Amino acid sequence: MAQTISEKIISKHAGKPVKAGDIAIVRVDGVMATDATSPFAIKSFRAMGGKKLWDSERVSLIIDHASPAPNETVANLHKLMRDFSAEMGCRLYDIGEGICHQLMVEDAHVRPGDLFLGADSHTPTYGALNAFGIGVGSTDLAATMVTGKTWLKVPKTIKITLNGELKKGVTSKDLVLFLVKELGVEGANYQAVEFTGETIKSMTLASRMAIANMSSEMGAKTGLVDPTGLDLWYPFEPTFADSDAEYVRELTFNVSALRPQIAKPHSPENVVAIDEVLGTKVHYAFIGSCTNTRLEDLHAAADVLKGKKLSSGVRLIIAPASKKVFNDALKDGTIQILSDAGATFITSGCGPCVGSHLGVPGDGEVVISSTNRNFQGRMGNPKAQVYLGSPAVVAASALAGEIVEPE
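Residues numbered from 1 in each chain as written. Predicted model: local features only at pLDDT ≥ 70, side-chain atom pairs only at ≥ 80, totals over all residues. Heavy atoms only, no water.

(A) Up close: the pairing of strand β10 (residues 222-225). Taking every second residue as pointing to the same face, both faces of β10 are buried, with Thr222 and Leu224 on one and Gly223 and Val225 on the other. As paired strands, strand β9 (residues 191-196) and β10 are joined by four bridges and run parallel to one another. Looking at β10, one finds that Ala192 is bridged to Thr222. (Buried < 20%, exposed > 50% of the residue type's maximum accessible area, 1.4 Å probe, protein only. Helix = DSSP H or I, 4+ residues; strand = E, 2+ residues; numbered from the N terminus. Pairing = 2+ DSSP bridges.)

(B) Region of interest: the environment of Leu258. Among the secondary structure elements, Leu258 is positioned in the loop between β11 (249-254) and β12 (261-263). Given the relative accessible area of 9%, Leu258 is considered buried. Between the C-alpha atom of Leu258 and that of Asp174, which follows or precedes it by 84 residues, the distance is 8.2 Å. Residues within four places of Leu258 in sequence aside, it is in contact with Leu166, Lys167, Val170, Asp174, Leu175 and Phe178. (Contact = heavy atoms within 4.5 Å.)

(C) Region of interest: the nonpolar core. Residues Met104, Ile160, Phe195 and Met218 are the most contacted members of the largest nonpolar core, which totals 60 residues. Secondary structure elements with two or more residues in this core: α4 (100-106), β8 (156-163), α6 (172-183), β9, α8 (205-213), β11, β14 (284-287) and β18 (385-388). With seven residues, α6 is the single largest residue contributor to this core. Once you skip the residues sitting within four places of it in the chain, Ile160 turns out to touch Leu179, Leu183, Val193, Glu194, Phe195, Thr196, Leu251 and Phe253. The next biggest cluster of nonpolar side chains, apart from the first, holds 34 residues, and it includes Val277, Ile287, Val325 and Ala398. (Core = buried A, V, L, I, M, F, W, Y, C linked by side-chain atoms within 4.5 Å.)

(D) Representation of the side chain of Ser216 in the model. With respect to the helices, strands and loops of the structure, Ser216 is situated in the loop between α8 and β10. By relative accessible area, Ser216 is classed as buried at 11%. The residues touching Ser216, leaving out its near neighbours within four places in the chain, are Ser121, His122, Pro124 and Arg373.

(E) Representation of the pattern of salt bridges in the model. Summed over all chains, the structure comprises 14 salt bridges. With its nearest N and O atoms 2.9 Å apart, the salt bridge here joins Asp242 to Lys8. Pair noted here: Asp242 is in the loop between β10 and β11 and Lys8 is in helix α1 (residues 5-14), with a separation of 234 residues, a long-range link. Looking at Asp242, the relative accessible area reads 25%, which means it is partly exposed. Assessed through its relative accessible area of 25%, Lys8 is described here as partly exposed. The closest approach of N and O atoms between Asp363 and Lys383, which form a salt bridge, is 4.0 Å. Of this pair, Asp363 sits in the loop between α12 (351-354) and β17 (366-369) while Lys383 sits in the loop between β17 and β18, and the two are 20 residues apart along the sequence. Three or more residues are tied together by salt bridges with common partners; here these are Arg259, Asp275 and Glu405. (Salt bridge = Lys/Arg side-chain N within 4 Å of Asp/Glu carboxyl O.)

(F) Spatial organisation of the packing of aromatic side chains. Taken as a whole, this structure holds five aromatic pairs when the rule is applied. Here Phe116 and Tyr126 contribute two aromatic rings whose centre-to-centre distance is 5.3 Å and whose plane-to-plane angle is 80 degrees, an arrangement assigned as edge-to-face. Of this pair, Phe116 sits in strand β5 (residues 115-119) while Tyr126 is found in the loop between β5 and β6 (132-135), placing the two residues ten residues apart along the sequence. Residues Phe116 and Tyr126 agree in their burial class; the two are buried. Taken together, a centroid distance of 6.0 Å and an interplanar angle of 75 degrees make the contact between Phe326 and Phe345 edge-to-face. Separated by 19 residues along the polypeptide, Phe326 in helix α10 (residues 323-331) and Phe345 in strand β16 (residues 344-345) bring together distant segments of the chain. Given a relative accessible area of 25%, Phe326 falls into the partly exposed group. Between Arg111 and the ring centre of Tyr234, over which it is positioned, the NZ or CZ distance is 4.1 Å. (Phe/Tyr/Trp six-rings, centres within 6.5 Å; stacked < 30°, edge-to-face > 60°. Lys NZ or Arg CZ within 6 Å of the ring centre and 35° of its normal.)

Listed below in structure tokens is the structure:
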């Protein structure tokens, strides 16, 4: 039976061959939850009569969404997580250690071929590793914390083939914004998306992560990147789709002529070529989130800002993906370049992206952000206008005071 990548990974974890549409009970390789979802998962775990985790080494709790705690209520939720972790012996990432998805990949808690659950909608990020990562609710996660298993309906798969070489100044973020526009925010509801083609095969892990991450913005159950050319720091066995695998849709694009892309307010599918928004005045620039704040993203911003100063009246806030990313950027001089240009660094975490704290925009302010979503109110203020672009576009716009091309 010919299978897609999703069907192969799920079959391995179900212990029998499965195809799209089947209901499967599967073992999982790991789970994680953030401070936005862990407290509910912990309470559900207790309500289910949970006394111990099925495998404490495979459970990670991450304090990243409101980190450090902005108020007493959140501080007590963080304390709940710390107490639970100490009691159960599971892994806890505390304030400043990083964003959940970055940490799971960086510390190899999720690996190629894994089936991994996360109580966060951007868990499909792990598809960059050729893993099947899916976002689930806190109650479903709690059940898996008890049993080590979950159930799912095997998704149909959309195959997207990308050919051609991206122009200078055009990145995987521009590419995935273009794809979100093409499919729409509900275009892949409860379907897997496979990304393949020559354009993909030459990409770094960080670039692949941006693409897999924003498969969530297509409504996808998960996004899986062709593992050809994937360079990791440990050996792995890749999972490829069969050449005669069955897909619900097949799309092919040549991206050689692609321009930098911008998502206008108030939807990640409201995407246009940058030419249509050139000159839009900005007040606030943000480089961060689980999509685009890895070392190569900071390098892209530093290449634009080196030896220059931010435009008067524009603030640039940066939240590195993890403490390791920050330290690596510190060692190679990237942090100094960005700081000299006028950037402000905040705790490695999700704060401004989810609008919890550390960078909520004011009424009427225009934001250019490297994050994944710009639904009205997403960054904490429904009266702000949020545009999405690549880190290079964000940096260049902060420098010019208006949306401009990096080049």
